[in-house]
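Observations on chain architecture
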Amino acid sequence: MAIAIYPGSFDPITYGHIDITRRARKLFGRLVIAVVANPHKNPLFTLEERVELTKDALREEGLSEIEVTSFDGLLVECARAHGADAIVRGLRANSDFEYEFQMALANRDLAPQFESVFFMTAGNYSFLASSMVKEVASYGGDVSNFVPKSVQKALREKLGAR
Ligand code: ADP
């Protein structure tokens, strides 16, 4: 069975990421979520927090068999280390496409053995992004439709402590 790696910032994990995870899990024998250590975006949660939150959220959603790891540096090296065949990414609007296209071509150039596989967002999550969740939460808004309870709690703690 094929092995896939699903990389991202997961700052924090949302129901959009979880939907992609659930769907990718059906196609791949093994799925590994890889949290990137040093995303360009200045993360709200530390790497350790993002990994733990991702694990908590997956447990809450009945997906505890999905492995969660972290990586620093090149994604293709992480894919190699896990014996992956494919790189999973999600696509929302046009804005995702340009970036994902560029990354997929760069990764293919670096390591053609890894196939990039894209999952189209579910309609109800098409607007959902971690940045939007953080913004709503920072104003005390209700994010229960966007993230599981463990993430809601972490957002309250993190943003309340600011
Ligand atoms: P990155 O900083 O690498 O883009 P993200 O955590 O923002 O990391 O996203 C990881 C992947 O999940 C990306 O491919 C992104 O397009 C996808 N993704 C994020 N939110 C959604 C969503 N609501 N629906 C579908 N895909 C999503």
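Everything numeric in this text was worked out from a predicted model, so none of it was measured.

Now for the nonpolar core. With 38 residues, the main nonpolar core has Ile-33, Val-88 and Leu-155 as its most contacted residues. The set of elements that each furnish at least two residues to this core consists of β1 (3–8), α1 (15–27), β2 (30–36), α2 (47–60), β4 (86–91), α5 (130–138) and α6 (149–160). Per element, the largest residue contribution to this core is five residues, and it comes from α2. Apart from the residues within four sequence positions on either side, Ile-33 is in contact with Tyr-6, Phe-10, Thr-21, Thr-54, Leu-58, Ile-66, Glu-67, Val-68 and Thr-69. Core analysis: the second largest hydrophobic core is formed by 13 residues, Val-36, Val-76, Ala-79 and Ala-84 among them.

Attention now goes to the pairing of β1. Along β1, six of the six residues are buried, which leaves the element largely enclosed by surrounding structure. Here β1 shows a buried face lined by Ile-3, Ile-5 and Pro-7 and a second buried face lined by Ala-4, Tyr-6 and Gly-8. Two elements, β1 and β2, share six bridges in a ladder whose sense is parallel. Looking at β2, one finds that Ile-5 is bridged to Val-32. Taken together, β1, α1 and β2 constitute a β-α-β crossover, and its handedness is right-handed.

This paragraph deals with unusual backbone geometry. Residue Pro-12 is bonded to the preceding Asp-11 through a cis peptide linkage, with omega at 0°. If you trace the backbone, Pro-12 turns up in the loop between β1 and α1. The backbone of Phe-10 sits at a positive phi, close to 45°, despite the residue not being glycine. Relative to the assigned elements, Phe-10 resides in the loop between β1 and α1.

What follows is about the environment of Ile-3. You can see Ile-3 is positioned in strand β1. Residue class for Ile-3 comes out buried when judged on its relative accessible area of 17%. Residue contacts for Ile-3: discarding those within four places in its chain leaves Phe-28, Arg-30, His-82, Gly-83, Ala-84, Asp-85 and Ala-86.

Attention now goes to the site of the ligand. Surrounding the ligand, one finds 17 residues, the nearest of these being Tyr-6, Ser-9, Lys-41, Gly-90 and Leu-128. At a separation of 2.5 Å, an oxygen atom of the ligand approaches a polar side-chain atom of Ser-9. Here a nitrogen atom of the ligand sits 3.0 Å away from a polar atom, N or O, in the side chain of Thr-121. If the ligand stood free it would expose 550 Å²; the protein chains cover 92% of that surface. Of all the secondary-structure elements, those providing two or more residues to the shell around the ligand are β1, α1, β4 and α4 (94–110). Partitioned by chemical class, the residues of the shell around the ligand number six nonpolar, six polar and five charged.

The next point concerns the pattern of salt bridges. Summed over all chains, the structure comprises twelve salt bridges. Taking the shortest distance from any N to any O, the salt bridge between Glu-67 and Arg-30 comes out at 2.7 Å. Pair noted here: Glu-67 is in strand β3 (residues 67–71) and Arg-30 is in strand β2, with a separation of 37 residues, a long-range link. For Glu-67, a relative accessible area of 31% translates into the label partly exposed. When its relative accessible area of 31% is taken as the criterion, Arg-30 is described as partly exposed. One salt bridge connects Arg-80 with Glu-77, and the closest N-O pair in it is separated by 3.3 Å.

Criteria and cut-off values
Residues numbered from 1 in each chain as written. Predicted model: local features only at pLDDT ≥ 70, side-chain atom pairs only at ≥ 80, totals over all residues. Heavy atoms only, no water. Core = buried A, V, L, I, M, F, W, Y, C linked by side-chain atoms within 4.5 Å. Buried < 20%, exposed > 50% of the residue type's maximum accessible area, 1.4 Å probe, protein only. Helix = DSSP H or I, 4+ residues; strand = E, 2+ residues; numbered from the N terminus. Contact = heavy atoms within 4.5 Å. Pairing = 2+ DSSP bridges. Right-handed = clockwise from strand over helix to strand, strands pointing away. Near = heavy atom within 4 Å. Polar contact = N/O pair within 3.5 Å; in protein donor to acceptor, adjacent residues only side chain to side chain. Areas by Shrake-Rupley, 256 points an atom, 1.4 Å probe, with all protein chains shown as cover. Nonpolar A, V, L, I, M, F, W, Y, C, P; charged D, E, K, R; others polar. Salt bridge = Lys/Arg side-chain N within 4 Å of Asp/Glu carboxyl O.

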